[in-house]
Amino acid sequence: MDNVIAVSFTEDANAYEALTKLRELNDQGRIDLAGGAVVTREADGQVVIKDEVGDIGYVGTATGGTVGVIIGILGGPLGVLLGGATGVLVGSLFDLADTEDAESVLEQISRSVRTDHTSLIAEVSEGSPDVVNAAMDSVGGSVIRRSVYDVEGEIAYAEEAQRAAKQEARKQMREQRREERKENFHEKVAELKSKLHIDEPVEAGGS
C-alpha cells in the first residue's frame, strides 16, 4: 500500500529519531520510503523543513515528491482554509484526536502539523501498517495514515483552490487601492477649491 503518513510527537526531538527509524526500515527492505521530512509550523503559518530524506520534491511546485508538494500547500494560502496558517488555531483550539473527524485528507494532515512543534510527513509503501506503527509508537509518535491516491486527489484540487485564493486576494487589494485613490482624489479637489476660493454652486431658489 502506498500511503502518506503524518506523525505528531509527545516530545518534539523524537521526530528526528522517527525519521531515522523510517530510513532504517527502508534499508532493511521492510518498507519503501519515497521521501520524508521533519517539519515545524511557525507562528505566521509557514511550514519549515528541519530535516529530510529521499525525494520530497521542491516545495510549492507541482513536480517532485508528494511530501514536498504537501508541505508547500500547507504553508500556502490554502493552509488558511485548512485552519493551519493562522498559527493560533492549530494546537490550541484543535485537539489531536480531532484529526480523525476532519473531512479533508489535507486538513487532517494540516492539523497534525502544529505551531512550534515538530512533526513528520512521509510517503511510504508498506505491506502492513503494523511495522511503521510500532516504530513510531516506540518514540511516542501518533500516526495519521492516508492513501497516496486520496492525497493526490486533493492535491489536484488544492492547486486550483490556491490559485483562486490568490486571485481573490489580488481583487480585494485592487478594490481597496481604488477606494483609497478615490478618497485621495476628493481630498485633493477639496483642497484645490479651498486654495482657489471656489464656492459650491447655490441651488435654484436659494438666497
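Okay, so let's go over this structure. Just so you know, these numbers come straight off a predicted model, no measurement behind them.

This brings us to a positive patch on the surface. Together, Arg170, Lys171, Arg174, Arg177, Arg178 and Arg181 make up a region of like positive charge exposed at the surface. Relative to the helices and strands, Arg174 resides in helix H6 (residues 148-196).

Let us look at the packing of helix H2 (residues 66-74) against helix H4 (residues 105-112). Working note: a packed helix pair is described by the angle between its axes plus the distance between those axes. Two elements in contact, H2 and H4, have axes whose closest approach is 11 Å; the angle formed by their N-to-C orientations is 80 degrees. For the element pair H2 / H4, the angle class is roughly perpendicular. For the pair H2 and H4, contact is made by Ile70, Ile73 and Leu74 and by Leu106, Ile109 and Ser110, respectively. The class makeup of the residues in the contact of H2 with H4 is 5 nonpolar, 1 polar and no charged.

Among the structural elements, Glu126 can be located in strand S4 (residues 118-126). One polar contact links Glu126 to Arg145, side chain to side chain, over a distance of 2.6 Å. Setting aside its immediate chain neighbours within four residues, Glu126 contacts Met1, Asn3, Ile31, Val132 and Arg145.

Thresholds applied
Residues numbered from 1 in each chain as written. Predicted model: local features only at pLDDT ≥ 70, side-chain atom pairs only at ≥ 80, totals over all residues. Heavy atoms only, no water. Patch = residues over 30% accessible without salt bridge, like charges linked within 9 Å, V, L, I, M, F, W, Y side chains within 5 Å. Areas by Shrake-Rupley, 256 points an atom, 1.4 Å probe, with all protein chains shown as cover. Salt bridge = Lys/Arg side-chain N within 4 Å of Asp/Glu carboxyl O. Lys, Arg positive; Asp, Glu negative; His and termini not counted. Charge placed at Lys NZ, Arg CZ, Asp CG, Glu CD. Helix = DSSP H or I, 4+ residues; strand = E, 2+ residues; numbered from the N terminus. Axes fitted to C-alpha atoms, helices over the stretch in contact; angles between N-to-C directions. Parallel < 35°, antiparallel > 145°, perpendicular 65-115°, else oblique. Contact = heavy atoms within 4.5 Å. Nonpolar A, V, L, I, M, F, W, Y, C, P; charged D, E, K, R; others polar. Polar contact = N/O pair within 3.5 Å; in protein donor to acceptor, adjacent residues only side chain to side chain.

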